[in-house]
Amino acid sequence: MATSKILVIDDSRVIRKTVRDMLPEGDFEVIEAKDGLEGINFVEKEHPSLIMLDFILPKMSGWDVFQQIQAHPEFQKIPLVLMSGKKEEVTSKISEPFEFFEFIEKPFDRVILKDAIQSAMTKARKARPRLTSELPQPMALAAGEYPVTNDELDRLQAQLDRAQEQLATFQSATSTQIQELQAQLVATERSRATEIQDLMAKFEAIRQDRDAEQQATVQKVIHLETEVDTLKKQLGQLIVLIKKKLT
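Residues numbered from 1 in each chain as written. Predicted model: local features only at pLDDT ≥ 70, side-chain atom pairs only at ≥ 80, totals over all residues. Heavy atoms only, no water.

## Points about the overall build of the protein
Right, on to step 1. Per the secondary structure count, the protein includes six helices and five strands.
Right, on to step 2. Order of helices (α) and strands (β) in the protein, N terminus to C terminus: β-α-β-α-β-α-β-α-β-α-α.
Right, on to step 3. The proportion of buried residues among the 247 residues of the protein is 34%.
Right, on to step 4. By sequence separation, contacts in the protein at least 24 residues apart represent 70% of the contacts at least 6 residues apart. (Helix = DSSP H or I, 4+ residues; strand = E, 2+ residues; numbered from the N terminus. Buried < 20%, exposed > 50% of the residue type's maximum accessible area, 1.4 Å probe, protein only. Contact = heavy atoms within 4.5 Å.)

## Regarding the pairing of strand β2 (residues 28-33)
Right, on to step 1. Bridge analysis of strand β1 (residues 4-9) against β2 gives six bridges, and the strand direction is parallel. Directly across from I6, in β2, lies its bridge partner V30.
Right, on to step 2. After leaving β1, the chain enters helix α1 (residues 13-22) and then returns to the sheet as β2, a path that is right-handed. (Pairing = 2+ DSSP bridges. Right-handed = clockwise from strand over helix to strand, strands pointing away.)

## Overview of the pattern of salt bridges
Right, on to step 1. Under the counting rule described, the total for this entry stands at 13 salt bridges.
Right, on to step 2. Its salt-bridge partner being K5, residue E46 comes within 2.5 Å of it at the nearest N-O pair. You can see E46 sitting in helix α2 (residues 36-46) and its partner K5 sitting in strand β1, a full 41 residues away along the chain.
Right, on to step 3. Taking the relative accessible area as the measure of exposure, K5 reaches 21% and is therefore partly exposed.
Right, on to step 4. Residue R207 is joined to E204 by a salt bridge in which the shortest nitrogen-to-oxygen separation is 2.3 Å. Taken together, the positions of R207 and E204, both in helix α6 (residues 150-246) and three residues apart, correspond to about one turn of that helix.
Right, on to step 5. Here R207 falls in the partly exposed class, since its relative accessible area comes to 37%.
Right, on to step 6. Classification of E204 as partly exposed rests on a relative accessible area of 30%.
Right, on to step 7. Through salt bridges with shared partners, a single network forms among D10, D54 and K106. (Salt bridge = Lys/Arg side-chain N within 4 Å of Asp/Glu carboxyl O.)

## Remarks on the sheet that holds strand β3 (residues 50-54)
Right, on to step 1. Ordered by their spatial adjacency, five strands build an open sheet running β2-β1-β3-β4-β5, and the pairing between neighbours is parallel. Here the strands that pair on one side only, and so sit at the sheet edges, are β2 and β5 (102-105). The mean angle between the axes of side-by-side strands here comes to 20°, regardless of whether they run parallel or antiparallel.
Right, on to step 2. In this fold α2 packs onto β1, β2 and β3, with an angle of close to 150° to the strand it touches most, β2. (Axes fitted to C-alpha atoms, helices over the stretch in contact; angles between N-to-C directions.)

## Here we look at the packing of aromatic side chains
Right, on to step 1. Taken as a whole and judged by the stated rule, the model has five aromatic pairs.
Right, on to step 2. Ring plane angle 55° and centroid distance 6.4 Å describe the contact between F55 and W63, whose orientation is recorded as tilted.
Right, on to step 3. Take F55: its relative accessible area is 3%, and that puts it in the buried class.
Right, on to step 4. Taking relative accessible area as the criterion, W63 reaches 21% and is therefore assigned partly exposed.
Right, on to step 5. Seen in terms of ring centroids, F66 and F101 are 5.1 Å apart; in terms of plane orientation they differ by 70°. Their pairing is edge-to-face. Here F66 is found in helix α3 (residues 62-71), whereas its partner F101 is found in the loop between α4 (87-91) and β5, with 35 residues between them in sequence. (Phe/Tyr/Trp six-rings, centres within 6.5 Å; stacked < 30°, edge-to-face > 60°.)

## Things to note about the packing of α2 against α3
Right, on to step 1. At their nearest, the axes of α2 and α3 sit 9 Å apart, and the two run at 15° to each other. By the angle class used here, α2 and α3 are roughly parallel. The two elements α2 and α3 cross, and the hand of that crossing is right-handed. Between α2 and α3, the residues in contact are G36, I40 and V43 and V65, Q68 and I69, respectively.
Right, on to step 2. Residues that form the contact of α2 with α3 fall into these classes: four nonpolar, two polar and no charged. (Parallel < 35°, antiparallel > 145°, perpendicular 65-115°, else oblique. Left-handed = near helix turned anticlockwise from the far one by under 90°. Nonpolar A, V, L, I, M, F, W, Y, C, P; charged D, E, K, R; others polar.)

The following block contains the structure:
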């Protein structure tokens, strides 16, 4: 059974699946909520160890969900990563710097997500002043129930550290493979260039041989024609001499 729960609140099924696929493997359960109302109910019911919250949501906006979470003394301890396609949507409601949660702008990759989760876990441990009475009333929390513990945070941190090591190993292996492929490509190009040069040299040698043969053939023809002309003259002279003797 999973020891930790990660709640992903986003109305886009693609984003929820992308976040799920990008999360490192570990002993935790990923819970998905497709709107703000469902998301806040999961927060109260499941007490997740990490919340990924889209800021623009149907039924209950991400801003309203954020206020509900921050209004609760225990829920505000949960590491929180806000997501949005435009940072201005968040900064129009919440001033920077984001001291107690992390923000990532869509689209993002695995490295950005990992760094954001690590930062959110660090910020969640910060001591904070009590929120003003202008915020919504906190949700009821049963006695003895805690949505997240330091042990769970440490366990998630350890899982993220292992994922970071695996990512570094993968990146190193990928870099080595790219260098090997580049070296093979250079060697192949050089080999092909050498083959082309050899073929061109052979072609030139063949062409020169053919030219030489053609010139030799022409010379032979000229020589034969000259000999034929000489023989014709000699034959004519012989015929004239024979006629004279006969007369």
